Each structure stands twice: as structure tokens, then as C-alpha cells.
Amino acid sequence: MSSRRKALKTLSALPLVGGLMGPSLLSANTGESAVSKLACPVSGPLARDFFKELGIRTFINAAGTYTSMTGSLMQKEVTDAINYGATEYVNLDELHDKVGERIAELLECEYATVSSGCFGAMTIGLAGIMCGMDTKKVAQLPDTTGIKSEVIVQEAHAIGYTHALINTGAKIVSVKTTKDLEKAINKNTAMLWYLNANTEMGDIKWEEFVALGKKHNIPTFIDCAADVPPVENLFKYTKMGFDLVAFSGGKGIRGPQSAGLLLGKRKYIEAARLHTPPRGTTIARGMKVNKEEVLGMLVALEMYLGKDHDKEWELWENQIKLISDSAKSVKGVETEIHVPPYANHVPSLKIRWDESVVKISKDDMRKELRNGHPSIETVGGKEEVGITTWMMEPGQERIVASRVKEVLENA
Ligand SMILES: *Cc1c(COP(=O)(O)O)cnc(C)c1O
């Protein structure tokens, strides 16, 4: 098929295009350039409404950074970087090398790499610790014969995300107290893993955990997936002495949803990279981060570091107060504004009511909000409807405030 005909065929397959484009673009360009123009119509008059075409519901995210709700929205600077990345070939390792150095400089740590989410960072980070620079061992995983493969975790920290660790072939050893932990250490212990989100529930806190690692010469790794804000956390735990620190890229930092950051000791991160593409016969071959997302992650981080965090916090507080006041204006409704101390540390709202006065269950309230126009996603259980505003676009808080009130009033 000639490129001209291919172009026309492509054009006719695209809805909207005919009407919006008219004949001028077609006649003024060769088929080839018409195709290249159409290949990435991210914005402007050629943009397609893909979700509408596919019949997919979009919604106001009053819930938070949930993978099921596709995390966060990237800012234009980030999608610009992604689009830029799509225009040239580069050497993947060179890109990772340079971006790793740049991120390390920004976050004042020894080294860094862009990973496939926080989960991917955990897998490759542990794999790096287990195998070092030994490529034979790298190829051997998840068979851990002859490789240290026990990871000690506090019982209260041993939630489902430890699956990222056992992906390497490692085993989780769960302990409660400092005494237990020291007793559990043996010649097969590879790493100590800490889940920042569950800090309050564990016996052993950060500094002591790090000190135990140093005392027994075992590397420590902290999962900080959902721990920005505050921005300081991006610096705090590497400086505290954790050997490796992992963050999600697509939560508070608002980078690509499938990207993440692995920060810390150069020797472990260089070893972690041995498990990742372009290298093939490794456990993390499927945890590829494409060049577009590597750039997007870097730019999202730069944007995040550069923003006025106090001003943003104030905005969130005002938004939450607006929704709270609106909900509370309905008789029988109570609200509570709170900030979780670890993970998703942002102003958050709980809305509760006496169901004998306001005759709707919490589940049905969430359903009403979801099924309304525009659709609004919230969280919570049997006792409350939970709302955050940090993943909303500015102005949407007013829609949420009035819908919440409307549904409660009509109940
Ligand atoms: C979200 C999350 C992860 C997974 O992070 P991804 O970036 O989605 O891979 C791991 N640990 C915790 C505590 C999380 O909240």
C-alpha cells in the first residue's frame, strides 16, 4: 500500500478527523506527514475523546491515589516530556545512567534509578542486594540456591506488598520485637524491610531499625510508596541511613502511574539495574520502564520539588473545609477533618450520619456519587464516606461539595 493510501486509510479510520480537519491538511501535506501529525494528537483540534469512544466512565477523583482509579494525573510538563521522549531513539542504559545521576543530585543521595513503580523498586532493590554484581546469580533468580534469601519484616509491616520481595525467590521472616529480630538474623539473612505506612503499628521505629541493620551488617530497605507529602521524606530516609528507599512515581509526585523511584546506595542500585531491561534473562525483564516514562518521572520529580508546598497544603485545607461545611449543613450529618500521620499524609474528610435521620447507607451514598453527573469517586466503609481533594483538579471541590449536600439532603 502506498504511504498516501495508508494515510487516507488511517484517516478514515479515525472518528472526528474528517469533519475537523477538512481537506486542507490532506492536500497541503504528503500522506506521510499527515500520518505523523495524527500519530500523536495529544491536544488541539485533532484530539480524540478516547474514553468516550470506548464508552469508559471518567470521574472526579475525591478518593486519593488508588491504582484501581489510575493513580494521579500528570501535569502538562510531564506529558510534554513523555511526548518529547517518543521522538528519538536513545540508548536505554545511557538514559537510565544520566537520569539516575540527575535524580540523585536532586534528592541528595548516592544514587537513584527510575523503576516500574514502588513495587518494581522493591523487587529489583532486593534482587540487587541478593546478587550484587554477580551476573550468574542474576540469571539464576528466582532460584536462590547459594544466595542469601531471607528478608526480616516486622509482623505489623508484613502486608501484601511483601509479594514484591518474594518475587525474587526470597522468603519473609516475620518478627515482632527487637529481641525477635536479632534472634532471627542468621547467615542466610539478606535484608531488613520496613513499611513506613505502618510505622505506628510496629515495635521497632526507623532509627533503631537502621541501627540494627548496621550492627549486624545487613542492608535496610524502606517502602515509602505513598509518603509524599511531605516533600522532606524524599531526602529524610536516605540521610537517616536506610540503604534503599522506594517511592511510587504516580502517587503524590504525579509522575507516570507505572513508574517509581529507587534511591540509596550506589552499589545496590547498580546491582539492581542488572536485573532490568535491556538485560533479558532476569526476573525483572518484565519491569521495563520506557524512555518516555523515565523522562516523565524526572520532570514530575522536578515539578514536585519546585512547587509551593505550603500553598498547596492551604488549598487542600480550604477545599476540605468547603466540602465539610457543605455536608455538615445537612441535619444529622457530622464531619471529621484529619491528616493520616504516615502515607497519604494530606487533609482528609470523613462524613458520618445517623442513618435513622439521613436515610441512606454509606455504600449507597458512594454509589449515588459514582452514578451522578459528573461521576465522583470516594472511599470509606460502613461507618463513613471518605474524601480527599489532592487528586482533584482545582474547582472540582465545588462540584463535590454541592453533590454531597444534594445526595444527603435528598436521602
Ligand atoms: C502503592 C503502594 C505500593 C506499590 O506502589 P506502585 O508504585 O503502585 O508499584 C507499595 N507499597 C505501598 C505501601 C503502597 O502504598
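No experiment lies behind these values; they were computed from the predicted model shown. Residue positions are given per chain, counting from 1 as you read along its sequence in written order. Predicted model: local features are reported for residues with pLDDT of at least 70 only, side-chain atom pairs are reported and counted for 80 or more only, and whole-chain, interface and lining totals are derived from all residues. With hydrogens and water excluded, all non-hydrogen atoms of the structure serve as input to the side-chain values.

> Provide a residue-level description of the nonpolar core, including the pertinent values.
Take the buried Ala, Val, Leu, Ile, Met, Phe, Trp, Tyr and Cys residues and link them wherever side-chain atoms come within 4.5 Å; each set so joined is a nonpolar core. Residue burial is assigned from relative accessible area. The probe radius is 1.4 Å, only protein chains are included, and a residue is buried under 20% of its type maximum, exposed over 50%, and partly exposed in between. Core analysis: the largest hydrophobic core is formed by 48 residues, its most contacted members being Ile103, Leu107, Leu181, Leu234, Phe242, Leu261 and Leu263. The biggest single contributor to this core is helix 14 (residues 291–306), with 8 residues. Contact between two residues is taken to exist if any of their heavy atoms lie within 4.5 Å; hydrogens are not considered. In contact with Phe242, other than residues within four places in its own chain, are Tyr194, Trp206, Phe209, Val210, Thr220, Phe221, Ile222 and Tyr237. The secondary structure listing takes helices from DSSP runs of H or I that are at least 4 residues long and strands from runs of E that are at least 2 residues long, numbered from the N terminus.

> Tell me about the environment of Ala139, and please be specific about residues and values.
Mapped onto the secondary structure, Ala139 falls in helix 8 (residues 135–140). Sequence-wise, Ala139 and Thr281 are 142 residues apart; in three dimensions their C-alpha atoms are separated by 5.9 Å.

> Help me get a handle on the pattern of salt bridges, residues and values and all.
Every case where a carboxyl oxygen of Asp or Glu lies within 4 Å of a side-chain nitrogen of Lys or Arg is listed as a salt bridge. Using the criterion set out here, one finds 27 salt bridges in the structure. Among the ionic pairs, Lys98 bridges to Glu94, the shortest N-O distance being 3.2 Å. With Lys98 and Glu94 both in helix 6 (residues 92–106) and 4 residues apart, the pair spans about one turn of that helix. Taking the relative accessible area as the measure of exposure, Lys98 reaches 55% and is therefore exposed. A salt bridge links Arg352 to Glu336; its shortest N-O distance comes to 3.0 Å. With Arg352 in strand 10 (residues 348–353) and Glu336 in strand 9 (residues 333–338), this pair connects stretches of sequence that are 16 residues apart. Arg352 gets classed as partly exposed once you look at its relative accessible area, which sits at 29%. Residues joined in a network through salt bridges with shared partners are Asp93, Asp97, Arg273 and Arg279.

> Describe the confidence of the model for the chain, listing the residues and the values that go with them.
Residues at a pLDDT of 70 or more form 89% of the chain, whose mean pLDDT is 91. A low-confidence stretch, residues 1–41 (pLDDT under 50), is modelled with 33 contacts involving residues beyond four sequence positions or located in other chains. Known as pLDDT, the predictor's per-residue confidence is scaled from 0 to 100.

> Describe the site of the ligand, listing the residues and the values that go with them.
Residues in contact with the ligand, as listed here, are Gly117, Cys118, Phe119, Met122, Tyr161, Leu195, Asp223, Ala225, Ser248 and Lys251. Within 3.5 Å is the distance limit for a polar contact, defined as a pair of N or O atoms, with the added protein rule that one can donate a hydrogen and the other accept it, and that residues adjacent in sequence qualify only through two side-chain atoms. Take Phe119: an N or O atom from its main chain is 2.9 Å from an oxygen atom of the ligand. In this description, accessible areas are obtained by the Shrake-Rupley approach with a 1.4 Å probe, and a residue is regarded as covered only by the protein chains that are shown. For the ligand, whose accessible area on its own is 380 Å², the fraction buried by protein is 86%. Per-element accounting of the shell around the ligand gives the leading share, 4 residues, to helix 7 (residues 117–131). Polar here means any residue outside two lists: the nonpolar Ala, Val, Leu, Ile, Met, Phe, Trp, Tyr, Cys and Pro, and the charged Asp, Glu, Lys and Arg; Gly therefore counts as polar. Taken together, the residues that form the shell around the ligand break down as 6 nonpolar, 2 polar and 2 charged. Working definition: residue near molecule or strand if any one of its non-hydrogen atoms lies within 4 Å of it.

> Explain the packing of aromatic side chains residue by residue, including any values.
Whether two aromatic rings pair depends on their centres lying within 6.5 Å, for rings of Phe, Tyr and Trp, where Trp uses its six-membered ring; planes under 30 degrees apart make the pair stacked, over 60 edge-to-face, and the rest tilted. Evaluation of the coordinates by the stated rule reveals 9 aromatic pairs. Consider the ring centre and the ring normal. A charge sits over the ring if Lys NZ or Arg CZ is within 6 Å of that centre and within 35 degrees of that normal. Across the ring face of Trp206, the terminal group of Lys236 is positioned such that the distance to the ring centre comes to 5.0 Å. Lying across the ring of Trp353, Lys362 places its NZ or CZ 4.3 Å from the centre.

> Let's hear about the packing of helix 5 (residues 76–85) against helix 14: which residues, and what values?
Working convention: axes come from line fits to C-alpha atoms, limited for helices to the stretch in contact. Angles between N-to-C directions cover 0 to 180 degrees. The contact between helix 5 and helix 14 brings their axes to 8 Å, and the two run at 155 degrees. By the angle between their directions, the pair helix 5 and helix 14 is classed as roughly antiparallel. When you trace helix 5 past helix 14, the crossing you get is right-handed. Facing Glu77, Val78, Ala81, Ile82, Tyr84 and Gly85 of helix 5, the residues of helix 14 in contact are Lys291, Glu292, Leu295, Gly296, Val299, Ala300 and Met303. Note on angle classes: values under 35 degrees are labelled roughly parallel, values over 145 roughly antiparallel, values of 65 to 115 roughly perpendicular, and the remainder oblique. Each crossing gets its handedness from the near helix: less than a right angle anticlockwise from the far helix is left-handed, clockwise is right-handed.

> Requested: an account of the sheet that holds strand 12 (residues 385–388), with residues and values cited.
Strands sit in the order 9-10-12 across an open sheet of 3 strands; the sheet is antiparallel. With one partner strand each, in any of the chains shown, strand 9 and strand 12 form the two edges of the open sheet. Going across the sheet, the axis of each strand differs from the next one's by a mean of 20 degrees, ignoring polarity. Here 6 bridges tie strand 9 to strand 10, and the two strands are oriented antiparallel to one another. Across the sheet, residue Glu334 finds its bridge partner in strand 10, namely Arg352. Seen against the sheet, helix 15 (residues 309–328) touches strand 9, strand 10 and strand 12 and runs at an angle of roughly 165 degrees to strand 9. Whether two strands pair comes down to DSSP finding at least two bridges between them.

> Got a sec to walk through the sheet that holds strand 7 (residues 244–248)? Specific residues and values, please.
One open sheet accounts for 7 strands, arranged 2-8-7-6-5-3-4; its pairing is mixed. At either margin of the open sheet sits one strand with a lone partner, and together these are strand 2 (111–115) and strand 4 (171–175). Neighbour-to-neighbour, the strand axes of the sheet open up by a mean angle of 25 degrees, direction not taken into account. The sheet strands contacting helix 11 (residues 206–215) are strand 3 (150–154), strand 5 (189–195) and strand 6 (220–223), and the helix crosses strand 5 at an angle near 175 degrees.

> Help me get a handle on a nonpolar patch on the surface, residues and values and all.
There is a patch of nonpolar side chains on the surface, built from Phe50, Phe51, Leu54 and Ile56 and spanning about 420 Å² of accessible area. Tracing the sequence through the fold places Phe51 in helix 4 (residues 50–54). Owing to a relative accessible area of 49%, Phe51 belongs among the partly exposed residues under this scheme. Any residue with relative accessible area above 30% and no salt bridge may belong to a patch, with like charges joined within 9 Å and the nonpolar Val, Leu, Ile, Met, Phe, Trp and Tyr side chains within 5 Å.

> Tell me about helix 6, and please be specific about residues and values.
Helix span, as expected, comes to 1.5 Å for every residue beyond the first. The end-to-end C-alpha separation of helix 6 is 21 Å, in line with the 21 Å expected for 15 residues at 1.5 Å each. Taken as a whole, helix 6 has its buried residues at Asp93, Leu95, His96, Val99, Gly100, Ile103 and Ala104. Along the long axis of helix 6, the arc covered by the buried residues comes to 155 degrees, so they all point the same way. Residues Lys98 and Glu105 are exposed on helix 6 and point more than 90 degrees away from its buried face. In this description, one arc is meant: the one made by directions from the helix axis to the C-beta atoms.

> I'd like to hear about the pairing of strand 5, residue by residue, with values.
With respect to burial, strand 5 is a largely interior element, 7 of its 7 residues being buried. Relative to strand 5, strand 3 runs parallel, the two being bridged by 4 bridges. Each residue of the ladder has a partner; that of Glu150, found in strand 5, is Thr189. Judged from the 4 bridges that link them, strand 5 and strand 6 form a sheet pairing that is parallel. Counted as the bridge partner of Tyr194 is Ile222 from strand 6. By definition, the crossover connecting two strands over a helix is right-handed if that path, from the first strand to the second, turns clockwise as seen with the strands pointing away from the viewer. Chirality of the crossover, the property in question, places the unit of strand 5, helix 11 and strand 6 among those that are right-handed.

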